[in-house]
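Structure assessment
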Amino acid sequence: MRGGVVVVILAAMVVVAFGLPPRNLTDPEVNPGCEECEEPWLIVTTGEGTNDTLHHLWGAKEALSFLVVTGTGGPNISVDWDALHNGTNRSITFQSQPSSVFGFVIPNLILYNDPKDDGAFKGQNESLRVPVSDFTWSAEVLPNSSHHVAVKLQTTHFQDTPLPNETRILMQVSAYGEDGRSSVLPHLLYTPNSAQLDLVLDHLMLNLTEEANSWKKTRWGMDVVVFSSENKVEGEDGDQGLKFHTQKSLDDEHTPGVFNLDQLTNAGAWAEGEGGGYLQWRPVSYLSSDRDIAKATVPNLNTSLPALVNLTEPLRKSLAYAVMGDNLTLSGVAVTSVISFGQYKDGFYAAEKYTTWTVAIGEGVPPKETFSTLVVVVISLGVVLPAAMFLVGCVVLAVRRWRHHGSSASILITPE
């Protein structure tokens, strides 16, 4: 009986999360309609939903670009390849006007010397920007299903010179058609409206300038431009555009040793309105392929987030400009930042020659971390069982006292 009561109580305490409606994903297409494209300018996969269509656009030419585009039209998009190669305004168009566009671009890597061992890039004088366009990229479509597709992007050359076998930038980009959690640490949540980028800088020791080659305490970072088509939605505090915030948790079940979740969201997402967009990542960067927390550092985001003012040549040839055009420089549309990898006494990049960054990009409100069913059951047992034992003890004591009182009364009441 008591076991049945405990089961009922536990079942009542488990919160059932209702996920988003699933989407059917199309097979990724690399450079659709372009016969002269040798590198992955554009990779497209589309998620067909009940009421809308979500396009995932990824590219590794000129600048690394990752977009989610939402609309009510069909799966078809049109690409003017000559215009895209020339950096012409809006060279990618859709079957109907998108209702929401969200994405980010990485135009440059940053190599910086960190003699003070600060970890983060803070505009150090000894730094050098390495354009993504200096690398040659290949794309491999991985085995996929209707609810999960993935593409592996990898560098093959640097400044037209073949890279050594162990030297590479490797990215696996995945899109999802259902709710779940990634099987790779840090095990980020995903939804039918999201994709995930897993970046690895593996033995990235490049022959750059003579001065840069002499630096002994180097780290890597990246310029990042984050943009959204929603630039006029105001929150309760009057803010607009994009902002950074951190969620804290008492649970590190899925990512051992990490209790925070960092997010960069637009107004629609942080106000939990319609058409939001977000980047979401755990503040951990693994320094080995086995992704052990014992060998880890942190990705540092410059949270000042100044607005994008000028369109550089890499941005003009990026997928962001191909979709957004000159709207990228409108107030509140795009912000710039730097993500750098390092913390005090982690040995700098040279110690392990390996750095990761895993980030989710999605449309709508970012998924929220909650306790898993196992954790809820364990917590429930820790609360319910002691309470049940206390109640049973109280009942036993009460029964004993009642019996003792009844026995004493019967002795006192004797016949004359």
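A quick note: this is a predicted structure, and the numbers were derived from the prediction, not measured.

**Some words on the overall build of the protein**
For the protein, the helix and strand inventory stands at eight helices and 26 strands. Across the 416 residues that make up the protein, the buried fraction comes to 49%. Across the protein, every contact between residues at least 6 apart in sequence was considered, and the portion connecting residues at least 24 apart equals 66%. Only carbon and sulfur atoms are counted for the fraction: they give 54% of the accessible area of the protein, which is about 20500 Å².

**A few points about the pairing of strand β8 (residues 100-106)**
Across the seven residues that make up β8, a large majority, seven, are buried. Residue alternation in β8 divides its side chains into two sets, Ser100, Phe102, Phe104 and Ile106 and Val101, Gly103 and Val105, and both sets are buried. The pairing of strand β5 (residues 64-71) with β8 spans seven bridges and is classified as antiparallel. Paired with Phe66 across the bridge in β8 is Phe104.

**Thoughts on the pattern of salt bridges**
Tallying each qualifying case throughout the model produces 13 salt bridges. Close ionic contact of Glu369 with Arg282 constitutes a salt bridge, the shortest N to O distance being 3.4 Å. Here Glu369 is found in the loop between β26 (354-363) and α8 (373-412), whereas its partner Arg282 is found in the loop between β21 (277-281) and β22 (285-286), with 87 residues between them in sequence. Salt bridges sharing partners connect three or more residues here, namely Asp114, Asp117, Arg219 and Asp346.

**What to know about the side chain of Ser318**
Tracing the backbone through its elements, the reader meets Ser318 in the loop between α5 (313-316) and α6 (319-324). Judged by relative accessible area, Ser318 falls into the buried class, the value being 1%. Among the polar contacts made by the side chain of Ser318, one reaches the main-chain carbonyl oxygen of Leu315 at a distance of 2.7 Å. Once residues within four sequence positions are removed from consideration, Ser318 is found in contact with Ala63, Ser65 and Val105.

**Topic: the pairing of strand β25 (residues 334-341)**
Of all eight residues in β25, seven are buried, a share of seventy percent or more. As paired strands, strand β24 (residues 299-301) and β25 are joined by three bridges and run antiparallel to one another. Each bridged residue has a counterpart across the sheet, and for Pro299 the counterpart in β25 is Phe341.

**Quick look at the packing of aromatic side chains**
Throughout the structure, instances matching the rule amount to eight aromatic pairs. The interplanar angle of 45° and the centroid separation of 4.9 Å between the aromatic rings of Phe135 and Phe158 together place this pair among those described as tilted. In this pair, Phe135 sits in strand β11 (residues 135-141) while Phe158 sits in strand β12 (residues 148-158), placing the two residues 23 residues apart along the sequence. Judged by relative accessible area, Phe135 falls into the buried class, the value being 3%. Seen in terms of ring centroids, Tyr176 and Tyr190 are 3.7 Å apart; in terms of plane orientation they differ by 5°. Their pairing is stacked. Note that Tyr176 is positioned in strand β14 (residues 168-176) and Tyr190 in strand β16 (residues 189-190), a separation of 14 residues in sequence. Tyr190 matches Tyr176 in its accessibility class, with the two residues each being buried. Aromatic rings pair up to connect Phe66, Phe104, Phe244, Trp281 and Trp357 into one cluster.

**Brief notes about the confidence of the model for the protein**
Atom-level detail of predicted coordinates should not be read off regions where pLDDT is low. For the protein, the mean per-residue pLDDT works out to 87, and 86% of the residues sit at or above 70. Scored below 50 in pLDDT, residues 1-17 makes 13 contacts in the model with residues more than four places away or belonging to other chains. The model gives residues 233-238 a pLDDT under 50, and that stretch makes eight contacts with residues more than four places away or in other chains.

**A short note on a negative patch on the surface**
Together, Glu35, Glu36, Asp80 and Asp82 line one region of the surface with negative charge. By the element assignment, Asp82 lies in helix α2 (residues 81-86). Taking the relative accessible area as the measure of exposure, Asp82 reaches 59% and is therefore exposed.

**Looking at empty space enclosed by the protein**
For the structure shown, the criterion picks out two cavities of 30 Å³ or more. In this model, the largest cavity occupies a volume close to 100 Å³. What lines the largest cavity is a set of 13 residues, and nearest its centre among them are Leu287, Phe341, Phe348, Tyr349 and Thr355. Of all the secondary structure elements, the ones that give two or more residues to the lining of the largest cavity are β18 (218-228), α7 (348-352) and β26. Counting residues per element, the lining of the largest cavity draws most heavily on α7, which supplies three residues. Of the residues contributing to the lining of the largest cavity, the split by class is seven nonpolar, three polar and three charged.

**Notes on the state of the cysteines**
The tally for this structure, following the rule as stated, stands at one disulfide. The disulfide bridge from Cys34 ends at Cys37, spanning 2.0 Å between sulfur atoms. Linking Cys34 and Cys37, the disulfide has an S-S dihedral of approximately 85° and is accordingly described as right-handed. Of the two residues, Cys34 and Cys37, neither departs from the other in class, the shared state being buried.

About the criteria used
- Residues numbered from 1 in each chain as written.
- Predicted model: local features only at pLDDT ≥ 70, side-chain atom pairs only at ≥ 80, totals over all residues.
- Heavy atoms only, no water.
- Helix = DSSP H or I, 4+ residues; strand = E, 2+ residues; numbered from the N terminus.
- Buried < 20%, exposed > 50% of the residue type's maximum accessible area, 1.4 Å probe, protein only.
- Contact = heavy atoms within 4.5 Å.
- Areas by Shrake-Rupley, 256 points an atom, 1.4 Å probe, with all protein chains shown as cover.
- Pairing = 2+ DSSP bridges.
- Salt bridge = Lys/Arg side-chain N within 4 Å of Asp/Glu carboxyl O.
- Polar contact = N/O pair within 3.5 Å; in protein donor to acceptor, adjacent residues only side chain to side chain.
- Phe/Tyr/Trp six-rings, centres within 6.5 Å; stacked < 30°, edge-to-face > 60°.
- pLDDT = per-residue confidence, 0-100.
- Patch = residues over 30% accessible without salt bridge, like charges linked within 9 Å, V, L, I, M, F, W, Y side chains within 5 Å.
- Lys, Arg positive; Asp, Glu negative; His and termini not counted.
- Charge placed at Lys NZ, Arg CZ, Asp CG, Glu CD.
- 1 Å grid on protein atoms, 1.4 Å probe; cavity = no way out; pocket = protein on both sides within 12 Å on 5 of 7 lines; lining within 4 Å.
- Points joined across faces, edges and corners; volume = space filled by probe spheres on them.
- Nonpolar A, V, L, I, M, F, W, Y, C, P; charged D, E, K, R; others polar.
- Disulfide = S-S within 2.5 Å.

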